[in-house]
Amino acid sequence: MEMEKIVALCKRRGFIFPGSEIYGGLGGTWDYGPLGVLLKKNLKDLWWKEMVQLRDDVVGVDAAIMMNPKAWVASGHVEAFTDPLVECKTCNQRFRADKIEEIEDHKKKHIEKKEKAEFTEPQKFNLLVKAYLGVIEGKQSELYLRGEITNGVHVNFKNVIDSTRIKIPFGIAQIGKAFRNEITPGNFTFRSREFEQMEVQFYIKPVPEEGKKWFEYWKKNRMDWYLSLDMNKENLRFRDHTDRERAHYAKAATDIEYNAPWGWSEFMGIHNRSDWDLRRHQEYSGKNMKYKDLMTNEEYLPWDIETSAGVDRSTLFLLIDSYHEEGDRIFLKLHPKIAPYKVAVFPLLANKPELVTKARSIYENLRSKFMTAWDARGNIGKRYFAQDEAGTPWCVTVDFTTLEDDAVTVRDRDTAKQERISVKDLENYFRVKLE
Ligand code: GAP
């Protein structure tokens, strides 16, 4: 699978565009188009349903992106949220020192031009993005756009317990934007400077056996979820972090990796953050962050088992994983639950008012139930082609026979097979398939 094909399809069909493209773009930023925004929303809604709606032990929050900067000192990000950076002494281009292949490729380019190919010693480069708040020039306070969405959850740990009376073990879920001054954004949206995360911080008793149990539980839970979205099993695997690569807050960390066109790459992470965050916030804020077990009167700082997934990375890997070519046909075999549109409705001929009127009435009924597309442009083949590339699972065509038998042709995206369904049964037909 070549990435160029995915990037071109995303642009052509309106999934993803380069950020502020008409001004030459802004490195590491991406804009989601009409199809992309639906795909991403469906993914987030499904995640929220699975993680919050269907569970007794997880509640949600939506914390502010801008936080008191002390929170980032407490969480260790000001000191330790760094990547090793090296700079090319010839052209000043900067690289992550651990991206050996990228550095070697760059060296080769200079050597071919008979230029010096030397790099500076690695230095620590902090990834937090700074911002300035306040209305008086010169007296603005410096803060950070959140580098991970996690901190907004931990600082609300007590608020959530006090307002819900939820008991350990329990989780707090959040979806939102994060910002990182990545040294080398790349591979399309894979490594961006602005991206979205969906996370659960799951608080447990601070006991190693509990830590192990819940760590394994969340690993399986997350892998099963991606498989339930019809992702190919052979493209997913677990990889434990080595001691050297583990983040400053993590006691243990495992990634789910995806077999991307450029090689196995981090998809999402499961981390045992122990009591790192609550302990540090307690220390830096002076507020008691301990949990009190009301049955035993025991007080402790819980451990946190975190599952953290990139929304953009999940979207990208779902697009790559679902990309199919069969002869001339290109189609996205997206799970119907995440497909941007569930159904597309067409009149066979756009210049026959009786077909258009009938098709419009079917479309208007279906769109109040499911995300439904309308297409009356070009010929039927072109419409199928466009809907296949959009990943629309079913296309409904209204033809002349419809006017007599009140039935339509439903064409399946994956098999291209067609069947005749009565208009009165259509809604239920799709509802059953989407369950
Ligand atoms: N709260 C833990 C945390 O943020 P992380 O491994 O740094 O851990 C979690 O990030 C997930 O967020 C990653 O597995 C990835 O899916 C996504 N992510 C991280 N950096 C990203 C970036 N620069 N661009 C897109 N997604 C990113």
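One can find the structure itself at the top, above this paragraph.
Residue positions are counted from 1 within each chain, in the order its sequence is given. Selection of residues for local features in this predicted model requires a pLDDT of at least 70, selection of side-chain atom pairs for listing and counting requires 80 or more, and totals for whole chains, interfaces and linings are taken over all residues. Side-chain numbers here rest on the full set of heavy atoms in the structure, without hydrogens or water.

Trainee: Before we go on, may I ask you to explain the packing of helix H2 (residues 34-53) against helix H8 (residues 208-228) in this structure?
Mentor: Helix packing for two helices is described by the angle between their axes and how far apart those axes are. Interhelical geometry of H2 versus H8 gives an angle of 140 degrees and a closest axis separation of 12 Å. Taken together, H2 and H8 sit at an angle that is classed as oblique. The two elements H2 and H8 cross, and the hand of that crossing is right-handed. Where H2 approaches H8, its residues Leu43, Leu46, Trp47, Glu50 and Met51 are matched on the opposing element by Trp218, Asn221, Arg222 and Trp225. Axis lines are fitted to C-alpha atoms, over the contacting stretch for helices. Their N-to-C directions set the angle, which ranges from 0 to 180 degrees. Only runs of H or I of at least four residues qualify as helices and only runs of E of at least two qualify as strands under DSSP, and these elements are numbered from the N terminus. In these notes the angle categories are as follows: under 35 degrees is roughly parallel, over 145 is roughly antiparallel, 65 to 115 is roughly perpendicular, and the rest is oblique. We call a crossing left-handed when the near helix sits turned anticlockwise from the far one by less than a right angle, and right-handed when that turn is clockwise. Contacts between residues were defined by any pair of non-hydrogen atoms, one from each residue, lying within 4.5 Å.

Trainee: How should the site of the ligand be read in this particular structure?
Mentor: Being near a molecule or strand, for a residue, means having at least one of its heavy atoms within 4 Å of it. Contacts to the ligand come from 23 residues, most closely from Glu148, Glu199, Glu266, Phe267 and Glu306. Contact between the ligand and Glu182: a nitrogen atom at 2.8 Å from a side-chain N or O atom of the residue. The separation between an oxygen atom of the ligand and a polar side-chain atom of Tyr249 is 3.4 Å. If the ligand stood free it would expose 550 Å²; the protein chains cover 94% of that surface. Elements represented by at least two residues in the shell around the ligand include exactly strand S10 (194-204), strand S13 (263-274) and strand S16 (303-310). In terms of residue count, S13 provides more of the shell around the ligand than any other element does, 6 residues in total. Definition of a polar contact: a pair of N or O atoms within 3.5 Å, with one able to donate and the other able to accept a hydrogen when the atoms are protein atoms, and with sequence-neighbouring residues admitted only if both atoms are side-chain atoms. The method behind every accessible area is Shrake-Rupley, applied with a 1.4 Å probe, and residues are considered shielded solely by the protein chains displayed.

Trainee: Explain the pattern of salt bridges to me, please; I cannot follow it from the model alone.
Mentor: Pairs can form between side chains of opposite charge once their charged atoms are near each other. Every case where a carboxyl oxygen of Asp or Glu lies within 4 Å of a side-chain nitrogen of Lys or Arg is listed as a salt bridge. Within the structure shown, the criterion is met by 41 salt bridges. In this structure, the salt-bridge partner of Glu325 is Lys5, at a minimum N-O distance of 2.9 Å. With Glu325 in strand S17 (residues 323-326) and Lys5 in helix H1 (residues 3-13), the pair connects residues that are 320 residues apart, well separated along the chain. In this structure, Arg13 engages Glu389 in a salt bridge whose closest nitrogen and oxygen atoms are separated by 2.7 Å. Residue Arg13 is located in helix H1, and its partner Glu389 is located in helix H12 (residues 380-390); the two are separated by 376 residues in the primary sequence. In this scheme, a residue with accessible area under 20% of its type's maximum is buried, one over 50% is exposed, and one in between is partly exposed, where area comes from a 1.4 Å probe on protein chains only. The class for Arg13 is partly exposed, based on a relative accessible area of 25%. Given a relative accessible area of 1%, Glu389 falls into the buried group.

Trainee: I keep staring at the environment of Trp262 and nothing clicks. Help me out?
Mentor: If you trace the backbone, Trp262 turns up in the loop between strand S12 (252-260) and S13. Note: C-alpha distance between Trp262 and Met3 (259 residues apart in sequence) is 8.4 Å. Residues contacting Trp262, with those up to four places away along its chain left out, are Met3, Asn187, Phe190, Leu316, Phe317 and Ile320. Of the polar contacts made by the side chain of Trp262, one reaches the side chain of Ser265; its length is 2.8 Å.

Trainee: Even after reading the chapter, I still don't get the packing of aromatic side chains, so can you show me in this structure?
Mentor: Two numbers describe a pair of aromatic rings. These are the distance of the centres and the angle of the planes. Working definition: rings of Phe, Tyr and Trp (its six-membered ring) pair if their centres are within 6.5 Å, and the pair is stacked with planes under 30 degrees apart, edge-to-face with planes over 60 apart, and tilted otherwise. On inspection of all chains with the given rule, the structure shows 24 aromatic pairs. With a centroid separation of 5.2 Å and 65 degrees between ring planes, the pair formed by Phe190 and Trp262 is classed as edge-to-face. Pair noted here: Phe190 is in the loop between strand S9 (170-179) and S10 and Trp262 is in the loop between S12 and S13, with a separation of 72 residues, a long-range link. The exposure class assigned to Trp262 is partly exposed, which follows from its relative accessible area of 28%. Ring plane angle 40 degrees and centroid distance 5.9 Å describe the contact between Phe190 and Phe317, whose orientation is recorded as tilted. With Phe190 in the loop between S9 and S10 and Phe317 in helix H10 (residues 311-322), this pair connects stretches of sequence that are 127 residues apart.

Trainee: Before we go on, may I ask you to explain H10 in this structure?
Mentor: Three- or four-residue spacings in an α-helix give side chains the same orientation, since the helix completes a turn every 3.6 residues. Each residue after the first adds 1.5 Å to the expected span of a helix. Between its first and last C-alpha, H10 extends 16 Å over 12 residues, near the 16 Å set by a 1.5 Å rise per residue. Burial analysis of H10 places 12 of its 12 residues in the buried class, which makes it a mostly covered element. Regarding H10, the residues found buried are Val311, Asp312, Arg313, Ser314, Thr315, Leu316, Phe317, Leu318, Leu319, Ile320, Asp321 and Ser322.

Trainee: When you look at the nonpolar core in this model, what are you seeing that I'm missing?
Mentor: In a soluble, globular protein the nonpolar side chains are often hidden away together inside. Formed by 61 residues in total, the largest nonpolar core has its most connected members in Phe15, Met198, Tyr226 and Phe317. At 8 residues, the largest contribution of residues to this core is made by H2. Setting aside residues no more than four positions away along its own chain, Met198 makes contact with Leu43, Trp47, Ile149, Gln174, Ile175, Trp225, Tyr226, Thr307, Ser308, Ala309, Val311 and Ser314. For our purposes a nonpolar core is just a set of buried Ala, Val, Leu, Ile, Met, Phe, Trp, Tyr and Cys residues, chained together by side-chain atoms within 4.5 Å. Counting residues in hydrophobic clusters, the runner-up holds 19 residues, among them Ile362, Leu426, Phe430 and Leu434.

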